[in-house]
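What the coordinates show
Below, each chain spelled out in residue letters.
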Amino acid sequence: MDKLSSLAKFKSSCPFLGRTKTSTLRTLCTSTSPRYPSLSRLTEKATSCPIMGPALQIRSGQIVAGYASVAGSAEVTNMHHHKGVFPNPTTANIEMCPHASKALAAARMAEDLAKAKVAKETKPTAAPSTSKAAATDGCPFHAEGSSKPTAATASTSTAPSGGFNYEGFYAAELEKKHQDASYRYFNNINRLASKFPIAHTGNVKDEVEVWCANDYLGMGNNPVVLETMHRTLDTYGHGAGGTRNIAGNTGMHLALEEELAQLHRKDAALVFSSCYVANDATLTVLGSKLPGCVYFSDNMNHASMIQGMRHSGAKRVIFKHNDLEDLEMKLAQYPKETPKIIAFESVYSMCGSIGPISEICDLAKKYGALTFLDEVHAVGLYGPHGAGVAEHLDWAAQKAAGHSPHPIKGSVMDRVDIITGTLGKAYGAIGGYIAGSMDFVDMVRSYASGFIFTTSLPPANVAGARASISYQREYVGDRQLKQMNVRNVKSRFEALDIPVVPGPSHIVPVLVGDAALAKAASDMLLRNYNIYVQSINYPTVARGEERLRFTVTPRHTLDQMARLATAVDEVFTTLAIKRTSDWKAAGGRAGVGMPDAKPVSPIWTDEQLGLLDGTSPKMLRNGDAGFIDARAVRATREKFNDLLGKFGEPLPIAARASTVDAVRKDIPIPDSLTGPTPLAARA
């Protein structure tokens with residue numbers, strides 16, 4: 001009802017449209033009303049207009065009636081039978097019938113318009129008046145002469161005499177984002193713990209499949225994680241109470257840092273509010289303190305690393321992505337005694353490539369440099385214990401060493417000086433961290449403003465993160481199943497000529513090559529198929545390399561993966577998006593369709609996945625429950641005995657009734673475990 005292209009012709013007749021900038025109208029058109037999820041903010045405003053309000057009510061009623069007039073026809077009923085939408089369309093199957101899904105959307109819009117009308121009528125009104133001015137009083141489309149500009153028209157207000165026009169500046173900057181199609185839209189997506197990977201939109205009745213979340217393993221709803229958080233919340237309350245130096249340095253924080261240090265077999269670890277902060281703060285401190293420090297940065301490094309290097313004031317030398325020759329050429333230009341730090345990642349999240357960690361460690365030793373490895377998209381997902389790619393590269397040795405905190409001399413993980421990771425992706429929590437030598441960690445702790453001057457993470461979040469790490473250290477099955485599902489989705493896409501950017505990791509980037517098309521594809525998947533995947537545009541990726549980035553989890557079923565492939569195929573056809581064969585004919589882009597391209601093998605081998613000895617986990621079908629490993633649950637519970645008491649016993653804190661009714665008395669675990677054998681048992 002409020003397409004931007006249709007509004008221009010009404011600018012001369014509507015005072016509101018006439019005086020409001022195009023960028024403001026675009027924002028109102030494309031942002032959802034927080035109160036009425038099926039309406040845009042512009043439509044919500046229109047309900048207050050004495051002209052547009054009634055018109056909207058009439059038109060929405062006509063649309064609903066039109067759909068209803070054919071809903072009961074024999075032809076439509078036969079179509080529902082044929083397509084499996086039987087006996088009636090439901091949330092689960094409604095996307096199979098375009099008529100039913102559009103009818104449902106129209107009905108919900110009519111419902112929201114009615115609610116908005118009621119809300120308007122219940123607002124206090126001024127004394128009755130027969131004047132013409134009173135007829136349009138309060139209408140955003142006709143109000144004139146207001147001495148106080150509204151938020152919607154603020155961008156058109158003039159600056160104070162002699163002052164800077166701040167609102168005009170904001171509007172102009174936003175217009176730039178709209179013009180180059182890089183404006184970011186935020187969908188209202190609410191992941192459901194009991195239905196992962198299902199979420200509801202702004203309307204709790206609309207459920208969608210999530211295919212782009214970074215909760216890679218579904219640990220955000222793992223029962224032992226939630227149980228531990230409930231117990232901690234009941235024992236220690238919500239907030240941490242201050243910075244780490246004042247009141248926020250709890251036993252939970254110290255235990256988490258010890259867990260992280262042991263995970264990476266390092267001397268110490270330090271937890272931050274996010275890994276963005278961890279990278280920024282750490283690189284700022286190192287670059288500003290080391291005399292004459294020079295950073296060598298991969299040109300695809302994350303923004304947090306780039307910002308940290310910039311904030312340090314140190315010189316920054318950029319080397320080509322994963323190009324060892326270019327890196328060595330640039331390292332050789334500086335004396336060995338010059339402090340140098342090579343900053344790079346293990347898994348690059350937008351293309352799925354993996355950094356040559358061992359080879360970079362060789363160059364660091366040769367030229368006297370430190371190695372700074374960001375394992376954000378790898379911790380929890382790679383290695384026998386989930387420590388990341390550095391651990392994965394020495395699988396057999398790391399697996400044999402079990403949970404020993406001592407480093408394996410000469411291993412890749414031991415050779416890396418500084419490791420950073422996140423708690424907010426594979427571990428399903430929040431926060432970030434660094435791990436390294438004792439003195440290095442202590443120096444960052446003592447100098448990093450991003451650590452010192454911020455409130456500590458709440459104990460419940462910290463406990464949940466530790467429980468998640470502990471569980472994944474004990475159980476490899478989630479990582480295996482995720483990688484098996486990734487292989488499945490990639491193979492389905494490739495069979496349909498859908499352009500997957502090749503890579504050995506779990507990332508599934510699908511090249512679109514145009515910002516507007518990528519957004520349109522994302523919108524169509526959500527609107528027509530109830531599939532949520534966000535488009536990735538500049539500056540996250542280069543212009544011309546816009547893409548859809550799919551993340552597959554262990555809980556996605558074979559049925560969902562098959563439906564996803566069909567949906568993406570249909571969207572590519574509808575929008576005429578280039579296929580792999582088209583990119584190949586054009587000479588290739590972003591690794592897709594490149595001439596003489598060599599096949600890329602996944603980093604997880606068949607042996608590591610358990611495919612050779614029959615220990616791989618079972619792939620799920622719709623209706624199957626996810627597997628919970630009993631041994632990992634028991635081991636995780638035991639780690640909290642000192643602070644929370646043994647599970648099932650009274651809390652060790654002063655006697656008081658539990659304030660959280662939702663604390664689980666037990667996690668339902670079958671007596672006979674049919675899932676894969678825990679990792680430790682296989683060692």
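Residues numbered from 1 in each chain as written. Predicted model: local features only at pLDDT ≥ 70, side-chain atom pairs only at ≥ 80, totals over all residues. Heavy atoms only, no water.

We apply this condition: UniProt positions are given in the numbering used here, feature names are shortened, and annotations may be inferred rather than shown by experiment.
In the annotation of an unreviewed UniProt entry, the protein chain is listed under the name 5-aminolevulinate synthase, mitochondrial and assigned to Cristinia sonorae. A UniProt comment under Pathway (unreviewed entry) is attached to the protein chain, and it reads "Porphyrin-containing compound metabolism; protoporphyrin-IX biosynthesis; 5-aminolevulinate from glycine: step 1/1."

1. Topic: a nonpolar patch on the surface
Filter applied, for reference: Residues enter patches when they are more than 30% accessible in relative terms and free of salt bridges; like-charged ones are connected within 9 Å and nonpolar ones (Val, Leu, Ile, Met, Phe, Trp, Tyr) within 5 Å. For the area figures, the Shrake-Rupley method with a 1.4 Å probe applies, and any residue is considered shielded solely by the protein chains shown. The working definition used for a salt bridge is a side-chain nitrogen of Lys or Arg within 4 Å of a carboxyl oxygen of Asp or Glu. Think of it this way: any DSSP run of H or I at least four residues long counts as a helix, any run of E at least two long counts as a strand, and we number them from the N terminus. Under the scheme applied here, a residue whose accessible area is under 20% of the maximum for its type counts as buried, over 50% as exposed, and between as partly exposed, the area being computed with a 1.4 Å probe on protein chains only.
Together, Phe-164, Tyr-166, Phe-169 and Tyr-170 make up an exposed nonpolar region whose accessible area comes to about 450 Å². Position of Phe-169 among the secondary structure elements: in helix α9 (residues 166–179). For Phe-169, a relative accessible area of 41% corresponds to the partly exposed category.

2. Section: helix α13 (residues 303–312)
Our working rule: Within this analysis, the arc is defined by the directions that extend from the helix axis to the C-beta atoms. Contact definition: two residues touch when any of their heavy atoms are within 4.5 Å.
All of the buried residues in α13 are Ser-304, Met-305, Gly-308, Met-309 and Ser-312. One side of α13 holds all its buried residues, which, seen down the axis, span an arc of 135°. For α13, the secondary structure elements touched by its buried residues are α12 (275–289), β5 (294–298), β6 (315–319), β7 (340–345) and β8 (369–374). Looking one or two residues beyond α13, the residue adopting positive phi is Gly-313, at roughly 80°.

3. Thoughts on the side chain of Thr-282
Its location among the elements puts Thr-282 in helix α12. Thr-282 sits in the buried class, given a relative accessible area of 0%.

4. Digging into unusual backbone geometry
Going from Phe-196 to Pro-197, the amide bond is cis rather than trans, its omega being 10°. By the element assignment, Pro-197 lies in the loop between β1 (190–191) and β2 (198–200). Across the junction of Tyr-538 and Pro-539, the peptide omega takes the value 10°, indicating a cis bond. Relative to the assigned elements, Pro-539 resides in the loop between β13 (535–536) and β14 (547–550). Notably, Arg-265 is not glycine yet its phi reads approximately 55°, a positive angle. Take Arg-265: it is sitting in the loop between α11 (251–263) and β4 (268–272). The class of Arg-265 is buried, set by a relative accessible area of 5%. Phi angles above zero are rare outside glycine, and Asp-497 is one such case at about 65°.

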